[in-house]
Amino acid sequence: MVSLDVIEKEFCCDLDTCRGCCCIEGDAGCPVTDEELQIIRDMLPSLLPHMTPEARKVVEEQGLSYLDPSDEQVLSIVNGKDCIFARTDHNGWCYCLIEKLSRQQADGIHPAFTKPVSCHLYPVRLTQVGEYTGVEYHRWDICHCARVKGKKLHLPLYQFLKEPLIRRFGEEWYNELELTATEWKKQCAQK
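The following refers to the structure shown. A quick note: this is a predicted structure, and the numbers were derived from the prediction, not measured.

1. Here we look at the pattern of salt bridges
Alright, step 1. Summed over all chains, the structure comprises five salt bridges.
Alright, step 2. In this structure, Lys-186 engages Glu-183 in a salt bridge whose closest nitrogen and oxygen atoms are separated by 3.5 Å. On the criterion of helical spacing, the pair formed by Lys-186 and Glu-183 is a turn pair, its members being three residues apart in helix H10 (residues 171-190).
Alright, step 3. Among the residues examined, Lys-186 registers a relative accessible area of 46% and is labelled partly exposed.
Alright, step 4. Residue Glu-183 is classed as partly exposed on the basis of its relative accessible area, which comes to 36%.
Alright, step 5. Through salt bridges with shared partners, a single network forms among Glu-99, Arg-103 and Lys-115.

Put into structure tokens, the structure is as follows:
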């Protein structure tokens, strides 16, 4: 079940403006599956030396994840807001340690795992609705610059998120979404 916002809203991350603050703001970690947690556990010996001392302490004392108030498994956070895998470069830009090491093909890092799919999909959030997966747009004030940039580029959210949507649901599903979006826009234009 895909929210119309995913088709109608325009969005494009503007890292020059936000500097990746979605990894270090908020009050809970990113949702993570059991399978993703196992992959991260397997990579942990290669990740730990690159993590901040505070993040290593959180992992040591609390573990990689916890259940949030809605009983969803999420990655642990530092100081009530920062992802344990968030790092900041010399320019003040936040980046995902897992993604950086994956792109560098570092030893001990799973080559096909760049980061949890929930991070890759953001600002889309997935929810279980019975046997269906809900695909919804999560509007957050810190992403205002991404909405402005998306509008300027006329880039629909689902197109901006093509790679992670295919990663999560497959190419056939994405092609069907694209066809549905095209038909929906035609119908709206006729009204």
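2. Observations regarding the layout of surface pockets
Alright, step 1. The volume enclosed by the second largest pocket comes to roughly 470 Å³.
Alright, step 2. In terms of lining, the second largest pocket is formed by 22 residues, of which the most central are Thr-33, Glu-36, Val-117, Leu-126 and Arg-168.
Alright, step 3. Among the elements of the structure, helix H3 (34-47), helix H6 (117-121), strand S7 (124-129) and helix H9 (162-169) are those that each provide at least two residues to the lining of the second largest pocket.
Alright, step 4. The element that contributes the greatest number of residues to the lining of the second largest pocket is S7, accounting for five residues.
Alright, step 5. Classifying every residue of the lining of the second largest pocket by side-chain character gives nine nonpolar, seven polar and six charged.

3. Describing unusual backbone geometry
Alright, step 1. Along the chain, Tyr-122 connects to Pro-123 via a cis peptide bond; the corresponding omega equals 20°.
Alright, step 2. Tracing the sequence through the fold places Pro-123 in the loop between H6 and S7.
Alright, step 3. With a phi close to 55°, Asn-79 is a non-glycine residue in the positive phi region.
Alright, step 4. Relative to the helices and strands, Asn-79 resides in the loop between strand S3 (77-78) and strand S4 (82-83).

4. Focus: the nonpolar core
Alright, step 1. Core analysis: the largest hydrophobic core is formed by 26 residues, its most contacted members being Ile-40, Leu-47, Met-51, Ile-84 and Phe-85.
Alright, step 2. Residue assignment for this core shows that the elements contributing at least two residues are H3, helix H4 (53-62), strand S6 (94-96) and helix H5 (97-103).
Alright, step 3. A total of six residues in this core trace back to one element, the largest contributor, which is H3.
Alright, step 4. Ignoring any residue separated from it by four or fewer positions in sequence, one finds Met-51 in contact with Leu-44, Arg-56, Val-59, Ile-84, Phe-85, Arg-87 and Leu-97.
Alright, step 5. Formed by 18 residues, the second largest nonpolar core is a distinct cluster that contains Tyr-137, Ala-146, Tyr-158 and Leu-161.

5. Let's talk about the pairing of S7
Alright, step 1. Note that S7 and strand S8 (residues 132-137) share six bridges and pair antiparallel. Bridge pairing in S8 links Leu-126 to Val-135.
Alright, step 2. Adjacent in sequence and paired antiparallel, S7 and S8 are bridged by two residues, among which Gly-130 carries a positive phi angle near 65°.

6. Some thoughts on the packing of H9 against H10
Alright, step 1. Closest axis-to-axis distance for the H9/H10 pair is 7 Å, and the angle between their directions is 130°. On the basis of their axis angle, the class for H9 and H10 is oblique. Together, Lys-162, Leu-165, Ile-166 and Phe-169 of H9 and Glu-171, Trp-173, Tyr-174 and Leu-177 of H10 make up the contact between the two elements.
Alright, step 2. Along the lines of polarity and charge, the residues of the contact of H9 with H10 split into six nonpolar, no polar and two charged.

What counts and what doesn't
- Residues numbered from 1 in each chain as written.
- Predicted model: local features only at pLDDT ≥ 70, side-chain atom pairs only at ≥ 80, totals over all residues.
- Heavy atoms only, no water.
- Salt bridge = Lys/Arg side-chain N within 4 Å of Asp/Glu carboxyl O.
- Helix = DSSP H or I, 4+ residues; strand = E, 2+ residues; numbered from the N terminus.
- Buried < 20%, exposed > 50% of the residue type's maximum accessible area, 1.4 Å probe, protein only.
- 1 Å grid on protein atoms, 1.4 Å probe; cavity = no way out; pocket = protein on both sides within 12 Å on 5 of 7 lines; lining within 4 Å.
- Points joined across faces, edges and corners; volume = space filled by probe spheres on them.
- Nonpolar A, V, L, I, M, F, W, Y, C, P; charged D, E, K, R; others polar.
- Core = buried A, V, L, I, M, F, W, Y, C linked by side-chain atoms within 4.5 Å.
- Contact = heavy atoms within 4.5 Å.
- Pairing = 2+ DSSP bridges.
- Axes fitted to C-alpha atoms, helices over the stretch in contact; angles between N-to-C directions.
- Parallel < 35°, antiparallel > 145°, perpendicular 65-115°, else oblique.

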